[in-house]
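Analysis of the macromolecular model
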Amino acid sequence: MEKDFCFKCGTTLIFLKDSNNILSSECEKCGQGYGREKGKTLIESRRDSSLTIPLYSIIFENKKVSNERINQIASIFIDYDKRYLKVFLEDIDNELTNPKRKLTEFHNLYGTEEIARDYLNRLSEKIKNLLKLKKIEK
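**Points about the nonpolar core**
Ranked by size, the top nonpolar core spans 24 residues in total, and within it Leu55, Phe88, Tyr119, Leu123 and Ile127 carry the most contacts. For this core, the secondary-structure elements that each account for two or more residues are α2 (67-77), α3 (82-97) and α4 (113-137). Looking at this core element by element, the count peaks at seven residues for α4. Setting aside anything within four residues of it in sequence, one finds Phe88 in contact with Ser50, Pro54, Phe77, Leu123 and Ile127. Counting five residues, the second-largest nonpolar core is a separate cluster that includes Cys6, Phe7, Leu13 and Tyr34.

Right, here's the structure in full:
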């Protein structure tokens, strides 16, 4: 049987079955929670995961997300705590550089993997640009 590893720190995960026969795990090292339904890929189970929150904004998108929509979503994230944004952007960049999971399984997204990855890439860049502008204004 193939082993699963924590997306954040690489620790081997040990799964237990919950009452709904869904396998769940919490990383012993960093505490990140995970879940898996039979036959599906590993997903982060916490609703506040760095990828879950932004992907929720495009759950029904089945075509490339418009720049206007990305600007709208980025403007919401720019007001988040700087510590969260740092982790958020690192997690997105890490996933885009070294893909480890299927993004369309986070919320059973209507769109494709390509749409989700393009969206996260452009959203991350937009947030970084807004953060730079915010620093300049101060």
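The rest of the description comes next.
**Some thoughts on the layout of surface pockets**
There is about 180 Å³ of room inside the second largest pocket. As for the second largest pocket, its lining consists of 10 residues, and the residues nearest its centre are Lys82, Leu85, Leu131, Lys132 and Lys135. Of all the secondary-structure elements, those providing two or more residues to the lining of the second largest pocket are α3 and α4. No other element matches α4, which puts five residues into the lining of the second largest pocket. Residues that form the lining of the second largest pocket fall into these classes: three nonpolar, no polar and seven charged.

**What to know about the side chain of Arg122**
With respect to the element layout, Arg122 can be found in helix α4. Once you skip the residues sitting within four places of it in the chain, Arg122 turns out to touch Lys64, Val65, Ser66, Asn67 and Ile70.

Thresholds, definitions, all that
- Residues numbered from 1 in each chain as written.
- Predicted model: local features only at pLDDT ≥ 70, side-chain atom pairs only at ≥ 80, totals over all residues.
- Heavy atoms only, no water.
- Core = buried A, V, L, I, M, F, W, Y, C linked by side-chain atoms within 4.5 Å.
- Buried < 20%, exposed > 50% of the residue type's maximum accessible area, 1.4 Å probe, protein only.
- Helix = DSSP H or I, 4+ residues; strand = E, 2+ residues; numbered from the N terminus.
- Contact = heavy atoms within 4.5 Å.
- 1 Å grid on protein atoms, 1.4 Å probe; cavity = no way out; pocket = protein on both sides within 12 Å on 5 of 7 lines; lining within 4 Å.
- Points joined across faces, edges and corners; volume = space filled by probe spheres on them.
- Nonpolar A, V, L, I, M, F, W, Y, C, P; charged D, E, K, R; others polar.

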